[in-house]
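Here is what each chain is made of, one letter per residue.
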Amino acid sequence: MEDTRERPVCHRAEDLVSYLYGEAGGTDALDFHQHLEQCDACRSEYAVFNQVHASIQLWRNEALGAAFDQVAMPEPATEARQLVRPERKLSALAAVRQFFSVSPLWLRGATAFAALLLCVLSVMMVARVRTRPVQIANNSGPERLYTQHELQDHVNKAVEQVRNDLLAQQTGVNQTGVKQNETKPGSKSVQVATNQRKELRPRGLNRQEREQLAADLRLTSTADEDDLLLAFPEQDKPRQ
Amino acid sequence: METATNDEQMVERALSGDPEAFGEIVRRWERRIFALAYGMLGREEDARDATQETFMAAFRNLRGFRGDAKVSSWLHRIAVNQCITRQRRAKVRGETALEDEAEKNAAVFALPVDASPARSAEAVERSKAVRRAVISLPPDLRQVVVMKEFEELTFQQIAEVLEIPLSTVKSRLYTALRQLQMRLQKFGDADVA
């Protein structure tokens with residue numbers, strides 16, 4: 001760039017600026033053009049200012065050319081938008097494959113062993129369930145339920161037990177009655193004998209006892225209760 | 001300017017509640033305001049922020065717009081004030097460390113795509129020098145240069161924006177060009193040395 005540090009200054013500086021930027025009118029522009037031919041200072045400054053102006057314009061065009069493109073921020077073109085596809089979701093199988101492809105060998109072996117163990121345990125559990133008898137309900141608690149067969153067994157056993165007890169009592173009473181008859185003669189002995197005869201009658205269970213028995217056996221069925229009534233019909237008659 | 005006659009109508013529509021009207025004003029003037037801010041600040045990020053702040057300030061003060069002035073002059077005045085304010089703040093914060101980075105970015109901006117390495121290096125250095133010279137001008141000189149070189153406003157428009165006499169615009173521009181020439185001369189001497 002030309003050295004103008006020591007150059008003289010002309011009094012037509014404003015006209016020089018107007019001429020430089022093309023804002024001088026027709027007559028003024030012609031007049032200043034003639035002045036330039038005569039004034040070394042103005043001619044020198046005009047040349048220097050032209051270089052400065054060109055440098056600024058170069059910087060402006062280069063800088064704002066790139067910056068304007070970013071300021072505008074145009075929407076992506078259709079072609080570009082078509083190229084940008086959403087990320088495809090992997091299926092489960094593909095995800096597993098990808099997992100194994102990037103996993104180390106020890107992790108693959110451990111996973112395979114765990115899967116095999118899981119299969120064996122599953123097979124064992126299925127086999128065990130199939131061999132186990134079917135439970136009607138949970139019979140381990142106090143609310144135990146009986147099958148019809150078990151219930152019949154329990155009832156038969158209870159009836160047998162009561163019958164045996166009665167027979168045993170009857171046998172014992174007979175023997176005692178004989179002894180008493182031998183030691184105490186008279187009306188008293190007859191009364192005792194009469195009393196013993198009453199007790200020697202086969203005694204069934206009264207309602208309370210039957211209910212107790214039914215509660216013990218958790219009997220809820222009225223049909224079963226009817227069976228008991230049929231087994232001990234005497235107890236339904238009111239005592240006199 | 002084609003849009004100059006309609007800008008005032010847009011402002012009236014915006015004032016009457018038309019949400020699209022001010023957006024249209026922004027679309028019309030954002031590039032010019034950005035160019036002005038870029039010339040004043042020399043950094044793209046700062047210029048973007050200043051442009052945004054300019055339009056926000058304009059929207060806030062829409063009711064204060066005087067109908068006797070042009071919308072373009074009004075917007076430029078706001079932008080110049082925004083840039084000056086930002087530079088003052090930056091000076092207070094002492095943001096000199098960012099200057100080198102900004103120069104680097106500006107140099108990358110200035111790189112022609114198909115330039116040879118030697119020419120690219122020269123263009124980069126020259127752009128850096130011009131930018132540094134413009135930025136180092138006093139604010140009253142710099143805004144005139146930027147409005148003329150970046151905005152290509154007429155002297156009359158600059159006078160209206162800055163609300164100064166026409167002769168003052170010319171004298172400021174002349175002084176600014178002399179100072180720029182001297183700074184660039186310094187750059188040329190240093191380059192030779």
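Okay, so let's go over this structure. (Residues numbered from 1 in each chain as written. Chains lettered and ligands numbered in written order. Predicted model: local features only at pLDDT ≥ 70, side-chain atom pairs only at ≥ 80, totals over all residues. Heavy atoms only, no water.)

1. Observations concerning the overall build of chain A
Alright, step 1. Check the secondary structure of chain A and you find 10 helices and zero strands.
Alright, step 2. Along its sequence from the N terminus, chain A presents helices and strands in the succession α-α-α-α-α-α-α-α-α-α.
Alright, step 3. Across chain A, every contact between residues at least 6 apart in sequence was considered, and the portion connecting residues at least 24 apart equals 59%.
Alright, step 4. As displayed, chain A offers around 18600 Å² of accessible surface, 57% of which is attributable to carbon and sulfur atoms. (Helix = DSSP H or I, 4+ residues; strand = E, 2+ residues; numbered from the N terminus. Contact = heavy atoms within 4.5 Å. Areas by Shrake-Rupley, 256 points an atom, 1.4 Å probe, with all protein chains shown as cover.)

2. Here's the deal with the overall build of chain B
Alright, step 1. Looking only at helices and strands, chain B features nine helices and zero strands.
Alright, step 2. Seen in sequence order, chain B has helices and strands lined up from the N terminus as α-α-α-α-α-α-α-α-α.
Alright, step 3. By residue count, 49% of the 193 residues in chain B fall in the buried class.
Alright, step 4. Across chain B, contacts joining residues at least 24 apart in sequence account for 65% of those joining residues at least 6 apart.
Alright, step 5. Surface exposure of chain B reaches about 9700 Å², of which carbon and sulfur atoms provide 51%. (Buried < 20%, exposed > 50% of the residue type's maximum accessible area, 1.4 Å probe, protein only.)

3. Focus: the environment of Ala24(A)
Residue and element names in this part refer to chain A.
Alright, step 1. If you trace the backbone, Ala24 turns up in the loop between helix H1 (13–20) and helix H2 (26–38).
Alright, step 2. Judged by relative accessible area, Ala24 falls into the partly exposed class, the value being 24%.
Alright, step 3. On a C-alpha basis, the gap between Ala24 and Glu14 in space is 10.0 Å, while along the polypeptide they are 10 residues apart.
Alright, step 4. Discounting residues that sit within four places of it in the chain, Ala24 has contacts with Ser18, Tyr19 and Ala29.

4. With respect to the packing of H1(A) against H2(A)
All names here are of chain A.
Alright, step 1. Running from amino to carboxyl end, H1 crosses H2 at an angle of 110°, the nearest separation of the two axes being 10 Å. Between H1 and H2, the crossing angle belongs to the class labelled roughly perpendicular. In the crossing of H1 with H2, the sense of the turn from one axis to the other is left-handed. Contacts between H1 and H2 involve Asp15, Leu16 and Tyr19 from the former and Ala29, Phe32, His33 and Leu36 from the latter.
Alright, step 2. A breakdown of the residues in the contact of H1 with H2 according to their chemical character gives five nonpolar, one polar and one charged. (Axes fitted to C-alpha atoms, helices over the stretch in contact; angles between N-to-C directions. Parallel < 35°, antiparallel > 145°, perpendicular 65-115°, else oblique. Left-handed = near helix turned anticlockwise from the far one by under 90°. Nonpolar A, V, L, I, M, F, W, Y, C, P; charged D, E, K, R; others polar.)

5. With respect to the packing of aromatic side chains
To describe a pair of aromatic rings, one takes the distance between the centres and the angle between the planes.
Alright, step 1. Tallied over the full model, the rule gives eight aromatic pairs over all chains.
Alright, step 2. Pairing Tyr21(A) with Phe155(B) gives two aromatic rings, centres 6.2 Å apart and planes at 85°, and the pair type is edge-to-face. With Tyr21(A) in the loop between H1 and H2 and Phe155(B) in helix H8 (residues 155–162), this residue pair bridges two chains. Summarising the burial analysis for this pair, Tyr21(A) and Phe155(B) share the class buried.
Alright, step 3. On the numbers, 5.5 Å between centres and 75° between planes, the contact of Phe49(A) with Tyr174(B) is edge-to-face. On the criterion of chain membership, the pair formed by Phe49(A) in helix H3 (residues 40–72) and Tyr174(B) in helix H9 (residues 166–192) is interchain, its members lying in two chains.
Alright, step 4. Take Phe49(A): its relative accessible area is 0%, and that puts it in the buried class.
Alright, step 5. By relative accessible area, which is 8% here, Tyr174(B) ends up buried.
Alright, step 6. One aromatic cluster is present, built from ring pairs that chain together Trp59(A), Phe34(B), Tyr38(B) and Phe150(B). (Phe/Tyr/Trp six-rings, centres within 6.5 Å; stacked < 30°, edge-to-face > 60°.)

6. Comments concerning the side chain of Glu151(B)
Alright, step 1. By secondary structure assignment, the location of Glu151(B) is in the loop between helix H7 (139–149) and H8.
Alright, step 2. It is Arg32(B) that comes nearest to the buried, bridge-free Glu151(B) among opposite-charge side chains, at 4.3 Å. (Lys, Arg positive; Asp, Glu negative; His and termini not counted. Salt bridge = Lys/Arg side-chain N within 4 Å of Asp/Glu carboxyl O.)

7. Here's the deal with a nonpolar patch on the surface
All names here are of chain A.
Alright, step 1. On the surface, a nonpolar cluster with roughly 620 Å² of combined accessible area is contributed by Phe113, Leu116, Leu117, Val120, Leu121 and Met124.
Alright, step 2. Following the sequence through the fold, Leu117 ends up in helix H6 (residues 105–131).
Alright, step 3. Owing to a relative accessible area of 44%, Leu117 belongs among the partly exposed residues under this scheme. (Patch = residues over 30% accessible without salt bridge, like charges linked within 9 Å, V, L, I, M, F, W, Y side chains within 5 Å.)

8. Considering the packing of helix H2 (residues 19–41) of chain B against H7(B)
All names here are of chain B.
Alright, step 1. Running from amino to carboxyl end, H2 crosses H7 at an angle of 140°, the nearest separation of the two axes being 9 Å. Classified by the angle their axes make, H2 and H7 are oblique. For the crossing formed where H2 meets H7, the hand is right-handed. Between H2 and H7, the contacting residues are Ala35, Leu36, Gly39 and Met40 on the first element and Arg142, Gln143, Val146 and Met147 on the second.
Alright, step 2. Its residues assigned to classes, the contact of H2 with H7 shows five nonpolar, two polar and one charged.

What is shown is where atoms sit, not what they do.
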